[in-house]
Every structure is written in structure tokens, then in C-alpha cells.
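Single-letter residue listing:
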Amino acid sequence: MFARIRDGDPEAFRELHAAHASLVYRHAVRMTGDRSLAEDVVQLTFLEAWRLRGKLRDEGDGPRPWLMGIAVNVLRNTTRAGRRHRAAMERMPAQETVPDFADELVGRIADAEQLAAARRALGRLRRGEREVFTLCVWSGMSYAEVAATLDVAVGTVRSRLSRARTRLRGLAEEELRTPGTEPGPASGQVRGDRVPAARSMEEENR
């Protein structure tokens, strides 16, 4: 499978998409609260996977950590693009307000109030803790897979997850008591035009 992906075998990529697109989509929905944006993230993730196929190494039992590593970077880039877009829109003269349907979309998810509170609480964590928590807990990936996805040691995954769980207990209860608007950087929502193609994967300090 690794060799077929590196060789650009279309059937291998169809198998990759069939096996893992739903995982990428669920992770993106939970991170952004926006189903439309999550669909963009899936498309961009597989486009990046095709472009970076030659860098796939023969490690692990399958390509899932490699693919989710790409998805994590796509989400980081779309979040930054969203912040820049919102900042640019705020500098423009006021125009007729366009309804934002993000809350309606999130409301279709079970336990929407708790999900929104959890996402607000997640937004208050350090990025490394937030990514480890969502990959381990929400996406059901193993410590080893998350370590490979984020290119960190398994011990780092364990310690970040432990800190995230400890902090989230208090933060989520606090958010449920005082509901409010989710912070922009955590939501990653982009209004208006679709997010441009993701930039190359980049190493960032965690």
C-alpha cells in the first residue's frame, strides 16, 4: 500500500479515501463546527496527500498517521486563513449583514450545547494539548498513531493528553455555566470564498 501510494496509483488513493475520508471529516467537523469547511478540509487533505505522496515512509501498519498529519496541518492553515480573512473583512466599510448558519449546522449534532462548550474549552488549551486530545479522544487514534501524526514522542502524547483532560474538566464546566461565543481561532470558520489550496506542510513548534 505504501509503495502504491508513492507511485501515484489511482486505485490506491481511492482505497485511501474510502478508508479514511470519514475520519478526516469527523475530526474537521469537531475542530471547526462547520460541515462545509470540514468538507473543504477533506478535499485539501487528499490533494496534499497526492502532492506529498513521495514522502510517505514505510512506517507503521498503515498510512493513517501520515494522512492525519496532513489533515492537522491543513486545519492549522485554514485557521490562519480564516483569521486573516476576518481581519480583512473587519477593515472594510459596513455592509448588509449576511446570516451565519454555522450555529444551525452545529445544532444538528447531538448534544450541541455540550459540544459547543467543549469546543470553547478546547480553544483555551495550548494547541499541542488540543490536537492530542481531539486525535486521541474524538478520533480514536492510538498513542503511537498520534505520536506519528504530530511527529512527537509517545511520552509527549501521554503527558499532553493528561494535562488536557485535567484542564478540560474545569474549563468545560465553566463554559457550560457561562455560555458564550466561541473564539475565532478555535472555530476556524471562514465566511465567504472557499479556503485557497493548502500551503506546503510546515514544521511548527509545539
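The shown structure was predicted, so the numbers you read here are calculated from the model rather than taken from an experiment. (Residues numbered from 1 in each chain as written. Predicted model: local features only at pLDDT ≥ 70, side-chain atom pairs only at ≥ 80, totals over all residues. Heavy atoms only, no water.)

**Student:** Can you help me understand the overall build of the protein in this one?
**Tutor:** Along its length, the protein carries 10 helices and 0 strands. Taken from the N to the C terminus, the helices and strands of the protein come in the order α-α-α-α-α-α-α-α-α-α. In the protein, buried positions account for 46% of the 206 residues. Of all intrachain contacts in the protein linking residues separated by at least 6 positions in sequence, the fraction that spans at least 24 positions is 75%. Accessible surface for the protein amounts to roughly 11,400 Å². Of this, 51% is attributable to carbon and sulfur atoms. (Helix = DSSP H or I, 4+ residues; strand = E, 2+ residues; numbered from the N terminus. Buried < 20%, exposed > 50% of the residue type's maximum accessible area, 1.4 Å probe, protein only. Contact = heavy atoms within 4.5 Å. Areas by Shrake-Rupley, 256 points an atom, 1.4 Å probe, with all protein chains shown as cover.)

**Student:** Can you walk me through the pattern of salt bridges in this structure?
**Tutor:** This structure, assessed with the given rule, holds 13 salt bridges. Among the ionic pairs, Glu59 bridges to Arg57, the shortest N-O distance being 3.1 Å. Overall, the relative accessible area of 47% leaves Glu59 in the partly exposed class. What makes Arg57 exposed here is its relative accessible area of 54%. The salt bridge involving Glu129 is made with Arg167; its shortest N-O contact spans 3.4 Å. Here Glu129, found in helix H7 (residues 127–138), pairs with Arg167, found in helix H9 (residues 154–177); they are 38 residues apart in sequence, far enough to count as distant. By relative accessible area, Glu129 is classed as buried at 2%. Within the structure, one salt-bridge network assembled from shared partners comprises Arg126, Glu129, Arg163 and Arg167. (Salt bridge = Lys/Arg side-chain N within 4 Å of Asp/Glu carboxyl O.)

**Student:** Please explain the side chain of His27 as it appears in this structure.
**Tutor:** With respect to the helices and strands, His27 occurs in helix H2 (residues 10–32). Accessibility expressed as a relative area gives 3% for His27, which makes it buried. Apart from residues lying up to four places away in sequence, His27 is in contact with Met68, Val72, Leu75, Thr134, Leu135 and Ser139.

**Student:** Hey, could you run me through the environment of Arg127 in this one?
**Tutor:** On the secondary structure map, Arg127 appears in helix H7. Assessed through its relative accessible area of 25%, Arg127 is described here as partly exposed. When the C-alpha atoms of Arg127 and Arg76 are compared, they prove to be 9.7 Å apart, with 51 residues separating the residues in sequence.

**Student:** How should the packing of aromatic side chains be read in this particular structure?
**Tutor:** Per the counting criterion, the structure on display carries 2 aromatic pairs. A cation over an aromatic ring shows up here: Arg53 above the ring of Trp50, its NZ or CZ 4.1 Å from the ring centre. (Phe/Tyr/Trp six-rings, centres within 6.5 Å; stacked < 30°, edge-to-face > 60°. Lys NZ or Arg CZ within 6 Å of the ring centre and 35° of its normal.)

**Student:** Explain the packing of H2 against helix H3 (residues 35–51) to me, please; I cannot follow it from the model alone.
**Tutor:** To describe two helices that pack against each other, one gives the angle between their axes and the distance between the axes. In contact at an axis separation of 8 Å, H2 and H3 are set at 140° when each is read in the N-to-C sense. The pairing of H2 with H3 is recorded here as oblique in orientation. Pair H2 / H3 crosses with right-handed handedness. Across the interface between the two elements, Phe13, Leu16, His17, His20, Ala21, Val24, Tyr25, Ala28, Val29 and Thr32 of H2 pack against Arg35, Leu37, Ala38, Glu39, Val41, Val42, Thr45, Phe46, Ala49 and Trp50 of H3. Here the residues of the contact of H2 with H3 are counted per class, giving 14 nonpolar, 4 polar and 2 charged. (Axes fitted to C-alpha atoms, helices over the stretch in contact; angles between N-to-C directions. Parallel < 35°, antiparallel > 145°, perpendicular 65-115°, else oblique. Left-handed = near helix turned anticlockwise from the far one by under 90°. Nonpolar A, V, L, I, M, F, W, Y, C, P; charged D, E, K, R; others polar.)

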